[in-house]
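# An overview of the molecular structure
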Amino acid sequence: MKMTFGLLGPLTVAVDSVPQALPRATVLRGLLGALLLAEGERLPVGRLLDLVWAEQADRVGRGAVHTGMSRLRTWLGRFGDEAVALESDAQGYRLVTGPDAVDLGRFRGLAADGDPAGALGLRRGPVLAGLERMNREDPLVTSLEHEVRATALALARAAPAAGAARSAVPALTALAEEHPFDEPVQAALLELLAADGRAAEALRRFQALRRRLSEELGIEPGEQVQNVFLALLAHDRDGARTDPGRARVPSQLPRDIPDFTGRDEQVRLVLDTLAAGRVPVIAGMGGIGKTALAVHTAHRAAADYPDGRLYADLRGADETPADPAGVLAGFLRALGADPREIPASLEERSALYRTLLAGRRTLVLLDNAAGEQQLGPLLPGTPGTSTDPDDRPDGARPAVLVTSRAALTALPGSRLVDLRELDAPHATTLLRHILGDHRVAAEPVAAAQIVDLCGGMPLAVRIAGARLAARPRWTLARLAHLLRDERRRLDELSAGNLAVRAGFAVGYARLSEPTRRTFRLLGLLDAPDFAPWAAAAMADIPPAQAERQLEELIDAQLLQETGTEPHLRYRFHDLVRLYAREHAEAADEPAARAAALERAFGAWLWLAEQAADQVPGPCFAPIHSAAPRHPMPSGVAAALLDDPTAWFDAEQPALNASARQAAALRMVPMAWDLAACQEKYCDVRGLYDEWRTTHLAVLQACRTAGDTLGTAVLTRGLIEVTTWTTPADGAGTAVDLADGSQTMVALADRARHLQGLFEQVGEVRGAADALVLTAWSLVAQGREQEALDAGRRALDLAAAHDHPGGEARAHQIIAIAYGETDLDRTIEHLTETLRLARLIGNTRFEATAIQFLGAAHGRAGQVERGGELLLRSLAMARSLKDRYVEAFSLLYLAMLYAATGDARARETAEAALAIARRFDLGHHLAQALGILGELDLAAGDHASAVAHLEESVLVWRARGWRSFLAEALRALGRAYQAAGLPESAARVLDEARELNGIQ
């Protein structure tokens, strides 16, 4: 049997040429389509989530991918084609198919052999049409759509000469209907229709396109379509010629950029600003594409300025501002002035220039302006640069378009067009335009890496493309490898007379020496962004001086602002950061660089330590290192820490980067303290991946350096996060549901090891925390008495060493160990937990205590009291934005509703399930599935009950919580019985009885 697949249109599957029904589940169709698009390349789980679930990716867990792949493997296996295999490993999934099994491969083969008509004959519509959820912005989809488009355009170019225009029209028509605003495709179709003798039809299609663009986008067709239209008109008028006596007009614009990419929003903004009689000022850093945008837009607008287009580069050959008098002399000659009569003075030249432009529809493009003073003499004096709406008659007027590194906001009548990096899809498109679709499509991963390493900077992408174009034997992967070396990246981004480094040098040369020093030092930071106080610490200068220097860097386009007042932050473009580091290594001593980094890290740590004390979270003993702190001025600190959680919201990415950088620089105590200070914040915000990955990176540095205290503190944090959440990356310290391990069983050994680490360094409070973790493991294994003993020892240690948070945790686990065997003692210990949580001001743990109290009262038959407490804990969790506690409160509420027959039980359990899947909360997931399964069983929906309970059992097995697993098995047994599966029921019920019999 041979399976074949179709992607070039709706997804199709056939066996021996007989069409087969697709999987019923949309998710399975999406996963199959994504794997086929990858053509045997392995796709990571995160990439599959983004591809198949798109905007809903953040609402589902990575487990959904594993589940979907398991179901897809089963579905594929039904067809018995041994050449088709779904493979998986730690890196992700890939689908292996037989040769020529996918229409995509046949399409590319025909296109490469110069048969675009044959290639397009395989196309049935847009790629994977009908899969609405699929992320169509992913490079796998966009690169294939670009290939199809390029093949269609190649066919349109070749068909007329081959006398095959008519046969090519259907393929171009289909593509034009799918992409009504793709002007090259529309132009190609018009030319094909004309070549086929259907000029009237082409004219009608042009008019329809023009109406559509006007009504939906408010624009006219672009230059390419307009040129085809004019040619059609000329042909329609029997070759009528333009008036040979028409006066010549200046046309100085540089050649349009043939591979101009993206910037649609900015193009519209420039055109709208010109139409409104104002001056667009395109501003941005060197290499960001200011001139390209200006020239392209000027060509787009050229038809609106029939009296001429003037152009001047206002940056001199030696990077000094060009003399306006010399620029005016050139403009005057272009406008028809007799060279012998051009005045000598700047003022007279400017006056003559304004006179000659008066009443003329002329566009003046002033490129690379240094400032408002340089521009003053070059601005026309008639409307078009006026800010007064009453001064803008509908008659003829000149217009001005400016590019500059500076914003030039003081320029009268100006409107800023702030240019930033290209996004990844548009940067990839630019690379494709330079190299050709086939070469980029052959190495999509390497192409994405090149674009990323270029930081989306158009000049850098263009240079990378030029180097590859000049080296056809190079793979894209080779250049990506070269660019990954940060020390060589700027050297590699040089080709011919183009160099990224040269663009930055202009701004750097204009800085004052103190600001140059701050720029160099700030470039040493790995943090993705930073606040002004961090710059002050780094440079060891007052905050007010740091803010002035940051503004100078902004004006030089060497730094970018993010955020808004009063929370402004600053970031480097990656390539500018490398440029700053080059200068720091050349100009600053190693000791000075290390001291600057230590001051910055010390400032972050000083603030993080204070902020962490005010953030509710796990009640672990606060244990810190002796790393040097860099205190902030009291007024600055008070303002920053007014809302500690908001401070962490802003600083968490920088804190993570700083902890990793400090570890790499062997500042180990600084590194582990920076990581540990974030634990409570990450717990409240549900940032489990960030918590886990940063701790793992820094923990390795602690072990290498022999820092036992840091190893203990980070191990404690890792145990906490990996015990209660399912790791998204399969990291070695955590338990993956697929590997058969049992989280709660493994916890006992890990907690005992942790206790030994803390005892080794004499940190008794940490040892008490470790004993509580041991007690949790013992409860899960059904060893309640041993758990009570461990909890009481933890309580004694915490009480003897002034650790009220440890006392609160000990009381909580003792209450859980008593469980339903002694509800009075359970409630007593939970009441003490609540008192201690309030004593230490930990609202997060207070909400947890109230939640457990509510559940205990509910089990004791005090339903009203239990519901009241659970609703209170739910409200507290939501006010804290704590999804972990929120999910637990929802679970207990759902159980209470189910027990009392309240119709709200299902929606409450489903809300908990959604949170559990989104944040990979294994315990919550298993419990929510169990509740829903029981509700399904009560409602008579046996199939759904079995599905929910089977997944619940799977998760409880991985977690190793004996009592919960036994309960889930009993429920599954009842579901199997109700579904008419007695053998399955007997099997799981026997297992449940066996678990209950083990003490």
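Since the structure is predicted, the reported quantities are computational estimates derived from the model, not experimental observations.

## Concerning the overall build of the protein chain
- On a plain count of helices and strands, the protein chain comes out with 46 helices and 14 strands.
- Seen through its C-alpha atoms, the protein chain measures out along the principal axes to roughly 105 × 75 × 55 Å.
- Across the 999 residues that make up the protein chain, the buried fraction comes to 54%.
- Relative to all contacts within the protein chain whose residues are 6 or more apart in sequence, the contacts with residues 24 or more apart total 69%.
- In the form shown here, the protein chain has an accessible surface area of approximately 42,400 Å², with 51% of it arising from carbon and sulfur atoms.
- Taken together, the 108 basic and 130 acidic charged side chains of the protein chain have centroids lying 3 Å from each other.

## So, the nonpolar core
- The biggest cluster of nonpolar side chains holds 224 residues, and the ones touching the most others in it are Ile450, Val500, Phe504, Phe519, Phe530, Trp604 and Trp647.
- With twelve residues, helix α27 (residues 590-613) is the largest single contributor of residues to this core.
- Core analysis: the second largest hydrophobic core is formed by 75 residues, Leu76, Met134, Leu155 and Phe229 among them.

## Description of the packing of helix α42 (residues 905-919) against helix α43 (residues 922-939)
- Where α42 contacts α43, the two axes come as close as 9 Å, and the packing angle between them is 150°. By the angle between their directions, the pair α42 and α43 is classed as roughly antiparallel. Where α42 crosses over α43, the handedness of that crossing is left-handed. Contacts between α42 and α43 involve Ala905, Arg906, Ala909, Glu910, Ala912, Leu913, Ala916 and Arg917 from the first element and His924, Leu925, Ala928, Leu929, Ile931, Leu932, Leu935 and Asp936 from the second.
- Per-class residue counts for the contact of α42 with α43 are eleven nonpolar, one polar and four charged.

## Notes on the packing of aromatic side chains
- With the rule as written, the count across this model stands at 22 aromatic pairs.
- Ring plane angle 75° and centroid distance 5.7 Å describe the contact between Trp533 and Trp604, whose orientation is recorded as edge-to-face. On the criterion of sequence distance, the pair formed by Trp533 in helix α24 (residues 532-539) and Trp604 in helix α27 is long-range, its members being 71 residues apart.
- With relative accessibility at 5%, the residue Trp533 sits in the buried group.
- Residue classification places Trp604 among the buried positions, given a relative accessible area of 0%.
- Three or more aromatic residues joined by ring pairs make a cluster, and in this case those are Phe504, Tyr508, Phe519, Phe530, Tyr570, Phe572 and Tyr579.

## Quick notes on a negative patch on the surface
- A surface patch of like charges, here negative, comprises Glu547, Glu551, Asp555 and Glu561.
- Of all the elements, helix α25 (residues 543-555) adds the most residues to the negative patch, at three residues.
- Tracing the backbone shows Glu547 in helix α25.
- We classify Glu547 as partly exposed; its relative accessible area is 43%.

## Some remarks on the sheet that holds strand β6 (residues 279-283)
- Across the sheet, which stays open at both edges, the five strands sit in the order β7-β8-β9-β6-β10 with parallel pairing between neighbours. Taken across any chain shown, the strands that pair with only one partner, and hence form the sheet edges, are β7 (309-313) and β10 (414-418). Taking each pair of neighbouring strands and ignoring which way they run, the sheet shows an average axis angle of 15°.
- Strand contacts of helix α13 (residues 324-334): β7 and β8 (363-369), with the helix running at about 160° to β7, the strand carrying the most contacts.

## Observations concerning the packing of helix α37 (residues 804-818) against helix α38 (residues 823-839)
- Axis separation between α37 and α38 bottoms out at 8 Å; the angle between their running directions is 160°. Here α38 runs roughly antiparallel to α37, going by the angle between their axes. Helix-helix and strand crossings are classified by hand; for α37 and α38 the assignment is left-handed. Here Pro804, Glu807, Ala808, His811, Gln812, Ile814, Ala815 and Tyr818 of α37 lie close against α38, whose contacting residues are Arg825, Thr826, His829, Leu830, Glu832, Thr833 and Leu836.
- Counted by class, the contact of α37 with α38 contains seven nonpolar, five polar and three charged residues.

Reading guide: rules and limits
- Residues numbered from 1 in each chain as written.
- Predicted model: local features only at pLDDT ≥ 70, side-chain atom pairs only at ≥ 80, totals over all residues.
- Heavy atoms only, no water.
- Helix = DSSP H or I, 4+ residues; strand = E, 2+ residues; numbered from the N terminus.
- Buried < 20%, exposed > 50% of the residue type's maximum accessible area, 1.4 Å probe, protein only.
- Contact = heavy atoms within 4.5 Å.
- Areas by Shrake-Rupley, 256 points an atom, 1.4 Å probe, with all protein chains shown as cover.
- Lys, Arg positive; Asp, Glu negative; His and termini not counted.
- Charge placed at Lys NZ, Arg CZ, Asp CG, Glu CD.
- Core = buried A, V, L, I, M, F, W, Y, C linked by side-chain atoms within 4.5 Å.
- Axes fitted to C-alpha atoms, helices over the stretch in contact; angles between N-to-C directions.
- Parallel < 35°, antiparallel > 145°, perpendicular 65-115°, else oblique.
- Left-handed = near helix turned anticlockwise from the far one by under 90°.
- Nonpolar A, V, L, I, M, F, W, Y, C, P; charged D, E, K, R; others polar.
- Phe/Tyr/Trp six-rings, centres within 6.5 Å; stacked < 30°, edge-to-face > 60°.
- Patch = residues over 30% accessible without salt bridge, like charges linked within 9 Å, V, L, I, M, F, W, Y side chains within 5 Å.
- Salt bridge = Lys/Arg side-chain N within 4 Å of Asp/Glu carboxyl O.
- Pairing = 2+ DSSP bridges.

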